[in-house]
Amino acid sequence: MNAYIEAEVDWLAGWPEEPDSTCRKKQFYHLAKNLIETVRRRSVEEGISPDEHGRRVGEAYELLDDLHRTLNSKNDIGQAQKVLDDQILWEHKSIYSPSLGTGFHRVLQVWSIDGSALISSVRDYLEKPYLQTDRLDYLLTDALLYAEASAFQQELSPIDGPIRHRRTDFLVFGIKWVLIILASFFLHSISKEAFLLLGIAVITFQAIKTLRQNHPWAVHASMLCMYLHCDSQFYNPAVIWDMCKVLRDKGAVFDGVTYDLLQRQMRKA
């Protein structure tokens, strides 16, 4: 065991350093300590050499360093990130935050994530079992689903798009029904049978449309519901898996690493 610890000192040079007592949160420190201890335990179980163990803890350092940059991207930085505590790697966000919720804010305070880099980091994480911990499993799942829901919302409503989107829908809805009503009056004056057929056709069309339609905002609402269930007090990977499947059938797209990460957690449950 001492040889492994000495290898850690050689590779990490005292990392992670514990923040002083004035630091309100120490999430990053505790995640790093837990990860190093997990890597050490697995190295002992596998009986690998201290040099190989040193390489593994070096990979652990690189993983957390990459995640810190990825989950706190400096592109389009929001006000919340300007006061970012270096000890916060990632925390579950409220579904009422502008980057997930209504989107009525003229300036969206989006917690900027480099989505492609996050997927790449998770893929690398899943390929190295000795780096995997329960804490990181949950954190990465939550971050991936936040990134998907946030990106989906941003595509629907750049700046104040939801208002514009709903105004357009209302205008189209109004014009459509004015035309239907005028056509109904016209047909009623000509033929009651034609009027009846029009009524049946309209009702049938609207019923089929309602059954088949997956309106983008309805899909977004379902994504918010799923992200609400990512809160640690509700979290169950099997439930999230089922909700992802429903959303996928509605047209939402999740990268394969999301499913791989959920499967790993379900196998351990």
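Each value, and the rule that gives it
- Sequence order sets the numbering: in each chain, residues are counted from 1 along the sequence as written.
- Where local features are concerned, this predicted model is filtered to residues with pLDDT of at least 70; where side-chain atom pairs are given and counted, the filter is 80 or more; whole-chain, interface and lining totals use all residues.
- Hydrogens and water are ignored here; the side-chain numbers use all heavy atoms of the structure.
- Helix and strand assignments come from DSSP, with helices taken as H or I runs of at least 4 residues and strands as E runs of at least 2, each series counted from the N terminus.
- Whether a residue is buried, partly exposed or exposed follows from its accessible area with a 1.4 Å probe, protein chains only, as a fraction of its type maximum: under 20%, in between, or over 50%, in that order.
- The criterion used for residue contact is that any of the two residues' heavy atoms lie within 4.5 Å.
- Identification of polar contacts relies on pairs of N or O atoms within 3.5 Å, with a donor-acceptor requirement for protein atoms, meaning one able to donate a hydrogen and the other able to accept it, and with residues adjacent in sequence counted only if both atoms are side-chain atoms.
- Salt bridge, as used here: a side-chain nitrogen of Lys or Arg that lies within 4 Å of a carboxyl oxygen of Asp or Glu.
- Within this scheme, the nonpolar core is defined by two criteria: the residues are buried Ala, Val, Leu, Ile, Met, Phe, Trp, Tyr or Cys, and they are joined through side-chain atoms within 4.5 Å.
- When the centres of two rings from Phe, Tyr and Trp lie within 6.5 Å, Trp using its six-membered ring, the rings pair. Their planes under 30 degrees apart give stacked, over 60 give edge-to-face, and anything left gives tilted.
- For a Lys NZ or an Arg CZ to count as sitting over a ring, it must be within 6 Å of the ring centre and within 35 degrees of the ring normal.

Remarks on the environment of Ser43
In step 1: Relative to the helices and strands, Ser43 is located in helix α2 (residues 27–46).
In step 2: Residue classification places Ser43 among the buried positions, given a relative accessible area of 0%.
In step 3: Non-local contacts of Ser43, meaning those with residues more than four positions away in its chain, are made with Tyr4, Ile48, His53 and Arg56.
In step 4: Of the polar contacts made by the side chain of Ser43, one reaches the side chain of His53; its length is 2.8 Å.

Digging into the pattern of salt bridges
In step 1: Going through the model one piece at a time under the given rule, you end up with 16 salt bridges.
In step 2: Its salt-bridge partner being Glu18, residue Lys26 comes within 3.4 Å of it at the nearest N-O pair.
In step 3: Residue Glu18 is classed as partly exposed on the basis of its relative accessible area, which comes to 45%.
In step 4: Measuring nitrogen to oxygen at the nearest pair gives 2.9 Å for the salt bridge that ties Lys25 to Glu91. Here the residue Lys25 occupies a position in the loop between α1 (2–12) and α2, and Glu91 occupies one in the loop between α4 (79–82) and α5 (115–126), the gap between them amounting to 66 residues.
In step 5: Residue Lys25 is classed as partly exposed on the basis of its relative accessible area, which comes to 26%.
In step 6: Glu91 sits in the partly exposed class, given a relative accessible area of 31%.

Some remarks on the nonpolar core
If you look at soluble globular proteins, the nonpolar side chains tend to sit buried side by side.
In step 1: Counting residues in each nonpolar core, the largest one holds 51 residues, and the members touching the most others are Leu64, Leu67, Leu71, Leu118 and Phe254.
In step 2: Elements supplying a minimum of two residues to this core: α2, α3 (50–70), α5, α6 (134–156), α9 (216–228), α10 (237–250) and α11 (256–268).
In step 3: With 9 residues, α6 is the single largest residue contributor to this core.
In step 4: Ignoring sequence-local partners within four residues, the contact set of Leu118 consists of Leu67, Thr70, Leu71, Ile113, Leu140, Ala143 and Leu144.

A few points about the packing of aromatic side chains
In step 1: Here the structure, examined in full by the defined rule, presents 7 aromatic pairs.
In step 2: An angle of 80 degrees between the planes, with centres 4.9 Å apart, marks the rings of Trp15 and Tyr61 as edge-to-face. Residue Trp15 is found in the loop between α1 and α2, and its partner Tyr61 is found in helix α3; the two are separated by 46 residues along the sequence.
In step 3: A residue is classified by how much of its surface remains accessible, and Tyr61, at 34% relative accessible area, is partly exposed.
In step 4: Ring geometry for Tyr138 and Tyr235: centres 4.9 Å apart, planes at 75 degrees, overall edge-to-face. Placement of Tyr138 in helix α6 and of Tyr235 in the loop between α9 and α10 is noted, with a sequence separation of 97 residues between them.
In step 5: Classification of Tyr138 as partly exposed rests on a relative accessible area of 22%.
In step 6: One aromatic cluster is present, built from ring pairs that chain together Trp15, Phe28 and Tyr61.
In step 7: Above the face of the Tyr130 ring, Arg56 is positioned so that its terminal group lies 4.1 Å from the ring centre.
In step 8: The ring of Trp90 has Lys93 lying over it, and the distance from NZ or CZ to the ring centre is 3.5 Å.

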